Amino acid sequence: MTSTTTRLLRLLSMLQNGSHTGRDLAERLAVTDRTLRQDIARLRELGYPVHADRGPIGGYRLGQGATMPPLLLDDDEAVAVAAAMNIAADGSTGIADIHANLERAQAKMDRILPKRLQRKVGALRTVTEIGPAVTGSREPDVPVAADTLATLATAIRATTTIDTDDGELEPYRLISWQRRWYLVAYTLWTHEWRALPVAKVNGIRSAQRYFAARTLPDDDLVAFVLREIASTGWEVHARVTVLESAETVIARINPTVGVVEPLDEHSCVLITGADRLETIAIYLSMLMMDFRVDQPPELVAHLRTLARRYTEATPPEA
């Protein structure tokens, strides 16, 4: 027979996942209606606001209480929460005093997570770096499944290869930047270092084949990923000649915007990109410098349209 404590925890877990009829709860817990009502009363005594809705579609559900009661998380939820806390602790959140609170929450999670989940979370924590949160972005989020990140993190930590639909690769580091995930890897089908958008890699699965670590393409893998994104990682790429020195442009922007290549003392090339032409146009206007778009021609046409609109929106001087 299931103990009362175990049964209460199962009941709480079910209520946290939505509303349930009394009959459904009693059947799933294998108890009588009277025992169910007693268990509901015990949860209320412990501070859980269990509400009862009457009627043909009524049932029991958790409501909002005056205090924060303990929560029950399943394995996937626990890993997701722990991973999100790790990223928030390393990144810039813009919330005062959040780091101390996150550290206490992380310590609590670490103490109660089962060892199998601690290995997943620990692997993800040790193989992930966070890109600089210094620019805003209007690009759509590209979510990645927690299981996928856990598979990659475990392979990186164990130095085992990953199979994908394109072929086999050696994974080295996960980079989280602008709500997107990138994998620094050596691709065995092209024999080159890549910064792969994890969301666009199909068929990720562990190959369980050990490999000898190679010399990394850069001591700073975050910088490597940002350069790759600027030159190849966007839907739209642009090459712009800026009529200022490379040092001036670099001081004005940051690595997340693009790669700067000097031409002479008074000009340089900016290689940048985004998922939309409109975003590149915004970046260029924020430079506050004279520039000339070399490519693509679609961006030139878009800027001409903007120039016409701005001109027509500006009243002539008296």
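See the structure printed just above.
Residues numbered from 1 in each chain as written. Predicted model: local features only at pLDDT ≥ 70, side-chain atom pairs only at ≥ 80, totals over all residues. Heavy atoms only, no water.

What follows covers the overall build of the protein chain. Counting its secondary structure elements, the protein chain contains eleven helices and twelve strands. Contacts in the protein chain between residues at least 24 apart in sequence constitute 59% of all its contacts with a sequence separation of at least 6. Just so you have it, the protein chain exposes about 18700 Å², and 52% of that area is on carbon and sulfur atoms. (Helix = DSSP H or I, 4+ residues; strand = E, 2+ residues; numbered from the N terminus. Contact = heavy atoms within 4.5 Å. Areas by Shrake-Rupley, 256 points an atom, 1.4 Å probe, with all protein chains shown as cover.)

Right, let's get into the packing of aromatic side chains. A full pass over the atoms with the stated rule returns three aromatic pairs. An aromatic cluster of three or more residues is present, and its members are Tyr-172, Tyr-186, Trp-193 and Phe-211. One Lys or Arg, Arg-214, reaches over the ring of Tyr-186 and ends 3.9 Å from the middle of that ring. (Phe/Tyr/Trp six-rings, centres within 6.5 Å; stacked < 30°, edge-to-face > 60°. Lys NZ or Arg CZ within 6 Å of the ring centre and 35° of its normal.)

Given a rise of 1.5 Å per residue, 13 residues ought to cover 18 Å, and the 18 Å separating the end C-alpha atoms of helix H7 (residues 146–158) matches this to within 8%. Of the residues making up H7, those classed as buried are Leu-149, Ala-150, Leu-152, Ala-153, Ala-155 and Ile-156. Buried residues belonging to H7 abut helix H6 (115–126), strand E4 (160–163), strand E5 (168–177) and strand E6 (180–187). Following H7 by one or two positions, Thr-159 adopts a phi angle in the positive range, close to 50°. (Expected span 1.5 Å × (residues − 1). Buried < 20%, exposed > 50% of the residue type's maximum accessible area, 1.4 Å probe, protein only.)

On the surface, a cluster of negative charge is made up of Asp-74, Asp-76, Glu-77 and Asp-147. A residue is classified by how much of its surface remains accessible, and Asp-147, at 45% relative accessible area, is partly exposed. (Patch = residues over 30% accessible without salt bridge, like charges linked within 9 Å, V, L, I, M, F, W, Y side chains within 5 Å. Salt bridge = Lys/Arg side-chain N within 4 Å of Asp/Glu carboxyl O. Lys, Arg positive; Asp, Glu negative; His and termini not counted. Charge placed at Lys NZ, Arg CZ, Asp CG, Glu CD.)

Let's shift gears to the side chain of His-302. On the secondary structure map, His-302 appears in helix H11 (residues 297–313). For His-302, the residues in contact, after removing those within four places along its chain, are Leu-277, Glu-278 and Ala-281.

A cis amide bond links Gln-295 with the next residue in sequence, Pro-296, at an omega value of 5°. Within the secondary structure, Pro-296 is located in the loop between strand E12 (291–295) and H11. Phi angles above zero are rare outside glycine, and Thr-159 is one such case at about 50°. Looking at the secondary structure, you find Thr-159 in the loop between H7 and E4. Judged by relative accessible area, which is 30%, Thr-159 ranks as partly exposed. With a phi close to 60°, Met-288 is a non-glycine residue in the positive phi region. Its location among the elements puts Met-288 in the loop between helix H10 (277–287) and E12.

Inspection of H10 places Leu-277, Thr-279, Ile-280, Ala-281, Tyr-283, Leu-284 and Leu-287 among the buried residues, and these make up the whole buried set. In the core, the buried residues of H10 are packed alongside strand E9 (236–242), helix H9 (246–252), strand E11 (267–274), E12 and H11.

Note on placement: Ser-285 falls in helix H10. Distance from Ser-285 to Leu-303, taken between C-alpha atoms, is 10.0 Å for residues 18 residues apart in sequence. Of the polar contacts made by the side chain of Ser-285, one reaches the backbone oxygen of Ile-282; its length is 2.7 Å. (Polar contact = N/O pair within 3.5 Å; in protein donor to acceptor, adjacent residues only side chain to side chain.)

The tally for this structure, following the rule as stated, stands at eleven salt bridges. Residues Arg-61 and Asp-53 are paired through a salt bridge, measuring 2.8 Å at the closest nitrogen-oxygen approach. In this structure, a network of salt bridges that share partners links the residues Arg-7, Asp-39 and Arg-42.

Here we come to the packing of H10 against H11. Axis angle and axis distance: for two packed helices, these are the angle between their axes and the distance between the axes, and together they describe the pair. H11 packs onto H10 with a crossing angle of 65° between their chain directions and a minimal axis gap of 10 Å. The angle between H10 and H11 places the two elements in the roughly perpendicular class. In the crossing of H10 with H11, the sense of the turn from one axis to the other is right-handed. Across the interface between the two elements, Leu-277, Glu-278, Ile-280, Ala-281 and Leu-284 of H10 pack against Glu-298, Leu-299, His-302, Leu-303 and Leu-306 of H11. Considered class by class, the residues forming the contact of H10 with H11 number seven nonpolar, one polar and two charged. (Axes fitted to C-alpha atoms, helices over the stretch in contact; angles between N-to-C directions. Parallel < 35°, antiparallel > 145°, perpendicular 65-115°, else oblique. Left-handed = near helix turned anticlockwise from the far one by under 90°. Nonpolar A, V, L, I, M, F, W, Y, C, P; charged D, E, K, R; others polar.)

Spatial strand order, E10-E11-E9-E12: four strands in an open sheet with antiparallel pairing. Unpaired on one side and paired on the other, strand E10 (258–264) and E12 mark the two borders of the sheet. Strand-to-strand twist in this sheet, taken as the mean axis angle between neighbours without regard to direction, amounts to 25°. Inspection of the sheet shows E9 paired to E12 by four bridges, in the antiparallel sense. (Pairing = 2+ DSSP bridges.)

The tendency in soluble globular proteins is for nonpolar side chains to be buried side by side. Counting 18 residues, the largest nonpolar core has Val-242, Val-249, Val-260, Leu-270, Ile-280, Leu-284 and Leu-299 as its most contacted members. Not counting residues up to four positions away in its chain, the partners in contact with Ile-280 are Val-236, Ala-238, Thr-272, Gly-273, Ala-274 and Leu-299. Within the second largest apolar cluster, 17 residues are counted, among which are Ala-155, Trp-181, Ala-185 and Leu-196. (Core = buried A, V, L, I, M, F, W, Y, C linked by side-chain atoms within 4.5 Å.)

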